[in-house]
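# Commentary on secondary and tertiary structure
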2 protein chains.
Amino acid sequence: MTPKPATERIRKSPEQVRAAVHQAVIDLLCDPEGEDLNIPAIAQRAGVNHTSVYRRWGSLDALLADMVTTRLERDSPLNDTGSLRGDLLAWAEASVASIRTPEGRALVRAVILSMPNSAQAQDERAQHFLRRMHSIEQIRQRATARGENPPPVEQILDQLIAPFYLRALFGIAPPTTGYPELLVDRLLGSESGGSAVDGSTTNY
Amino acid sequence: MTPKPATERIRKSPEQVRAAVHQAVIDLLCDPEGEDLNIPAIAQRAGVNHTSVYRRWGSLDALLADMVTTRLERDSPLNDTGSLRGDLLAWAEASVASIRTPEGRALVRAVILSMPNSAQAQDERAQHFLRRMHSIEQIRQRATARGENPPPVEQILDQLIAPFYLRALFGIAPPTTGYPELLVDRLLGSESGGSAVDGSTTNY
């Protein structure tokens, strides 16, 4: 975990550089002393020259976005369980398992840190979000192909994804048992049991 | 918005320094060019000496936490509307109005940036979270005093607060009409309409 002295640095392949730099970001985000996340600190931790980090990624935002996208794609559970409920539950269980680890919480924090500030960057944010939604979209498409009626993406966002993000960010542990089931059943229950909810919402 | 040259700096009262520094954080978070948020940049933007920022707050985390707490307390809607639903709706409407502004989204981002990384800092995170929950707790207490049966705090967190945070962070605009009502009715509907939901969740 200690940075390698320059004399120990050996030539790395581009993919080794990428993996080392990504891991350095996660390590720094998990480090209790690591207050400032910047490219020189990341390069030092990864044992690479900071000029090659600038040349490859251009900015910290771009590096974080690349790291987050790579990790999320690697971690996305995409097995077909045979039902919408089963697929959503598998997604939720993987998410709960992830945010129970410091690395998983660091990844969520990196997602937020990689969001550009500017109004002009709205498109980049939307792109990032769509990548994150990729596995959810696959789950929805499989459900539709089975003849199931999946909830709209925005409802899945509000009722399933948002609670995981918020808990990861604030470090609020989810209930130890039944939490994935609770969220998925709320999501699907409020969908299938729509008439009861509609009856109480005539004030719209 | 341009930083004042040192020659223009005049002596500020402690409260003026605090307000100027807080505003500088918001301005930098809203600035499309403002990639690095650090104490020297904040001090320059606020027109104060960076040593007084270090002396007063000690660290960027502490400064962000102080700024966020101050703003959230100022912005919390605490009017008693006479019902749980009305109070939650007022809270949700204020939150939606806030995240429609760049400053509101910057504030949410600052909340996340001010979260300490370390496992040892769990208490600080919990404290921060409890402050954020203060207005929600007041709403719950008023409801209980009226004889209403408010949902548990964690359910309000998952179903009402989390969607606002996630949308603010990703810049996903909420639906233009009826969104506060939709979330509040989902929250209270799944509470009062519990039997329908329970019927579909026997697999727990």
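Everything below is about the structure shown above.
Thresholds applied
Residues numbered from 1 in each chain as written. Chains lettered and ligands numbered in written order. Predicted model: local features only at pLDDT ≥ 70, side-chain atom pairs only at ≥ 80, totals over all residues. Heavy atoms only, no water. Helix = DSSP H or I, 4+ residues; strand = E, 2+ residues; numbered from the N terminus. Contact = heavy atoms within 4.5 Å. Areas by Shrake-Rupley, 256 points an atom, 1.4 Å probe, with all protein chains shown as cover. Axes fitted to C-alpha atoms, helices over the stretch in contact; angles between N-to-C directions. Parallel < 35°, antiparallel > 145°, perpendicular 65-115°, else oblique. Core = buried A, V, L, I, M, F, W, Y, C linked by side-chain atoms within 4.5 Å. Buried < 20%, exposed > 50% of the residue type's maximum accessible area, 1.4 Å probe, protein only. Phe/Tyr/Trp six-rings, centres within 6.5 Å; stacked < 30°, edge-to-face > 60°. Lys NZ or Arg CZ within 6 Å of the ring centre and 35° of its normal. Expected span 1.5 Å × (residues − 1).

## Examining the overall build of chain A
- The number of helices and strands found in chain A is eleven helices and zero strands.
- Each helix and strand of chain A, placed in order from N terminus to C terminus, yields the pattern α-α-α-α-α-α-α-α-α-α-α.
- Long-range pairs, those at least 24 residues apart, make up 68% of the contacts in chain A between residues at least 6 apart in sequence.
- When the accessible surface of chain A is totalled, it reaches about 9,700 Å², and 52% of it is carbon and sulfur.

## Regarding the packing of helix α1 (residues 14-30) of chain B against helix α3 (residues 50-57) of chain B
Residue and element names in this part refer to chain B.
- Packing of α1 against α3 brings their axes to within 12 Å, and their N-to-C directions diverge by 100°. Compared by their axis directions, α1 and α3 come out roughly perpendicular. Contacts from Pro-14, Glu-15, Arg-18, Val-21 and His-22 in α1 reach Val-53, Arg-56 and Trp-57 in α3.

## Description of the nonpolar core
- By size, the foremost hydrophobic cluster in this structure holds 111 residues, and its most contacted members are Leu-160 of chain A together with Leu-160 of chain B.
- Setting aside residues up to four positions removed in sequence, Leu-160 of chain A forms contacts with Leu-88, Trp-91, Ala-92, Gln-155, Leu-183, Val-184 and Leu-187 of chain A.

## Structural notes on the packing of aromatic side chains
- Applying the stated criterion across every chain, the model contains four aromatic pairs over all chains.
- Between Phe-164 of chain B and Tyr-179 of chain B the ring centres are 5.9 Å apart and the planes differ by 90°, which places this aromatic pair in the edge-to-face class. Placement of Phe-164 of chain B in helix α9 (residues 153-170) and of Tyr-179 of chain B in helix α10 (residues 179-192) is noted, with a sequence separation of 15 residues between them. Tyr-179 of chain B carries the same exposure label as Phe-164 of chain B, and that label is buried.
- Cluster of aromatic residues (ring-pair linked, three or more members): Trp-91, Phe-164 and Tyr-179 of chain A.
- Its guanidinium or amino end placed over the ring of Trp-57 of chain A, Arg-56 of chain A lies 5.2 Å from that ring's centre, counting from NZ or CZ.

## What about the side chain of Ser-135 of chain A?
- Here Ser-135 of chain A lies in helix α8 (residues 134-146).
- With relative accessibility at 2%, the residue Ser-135 of chain A sits in the buried group.

## Notes on α9 of chain B
Residue and element names in this part refer to chain B.
- Between the first and last C-alpha of α9 there are 24 Å, a value that for 18 residues agrees with the 26 Å anticipated at 1.5 Å per step.
- Among the 18 residues of α9, 16 are classified as buried, and the element is accordingly described as predominantly covered.
- Within two residues after α9, Gly-171 carries a phi angle of roughly 65°, on the positive side.

So yeah, pure geometry; function would need other evidence.
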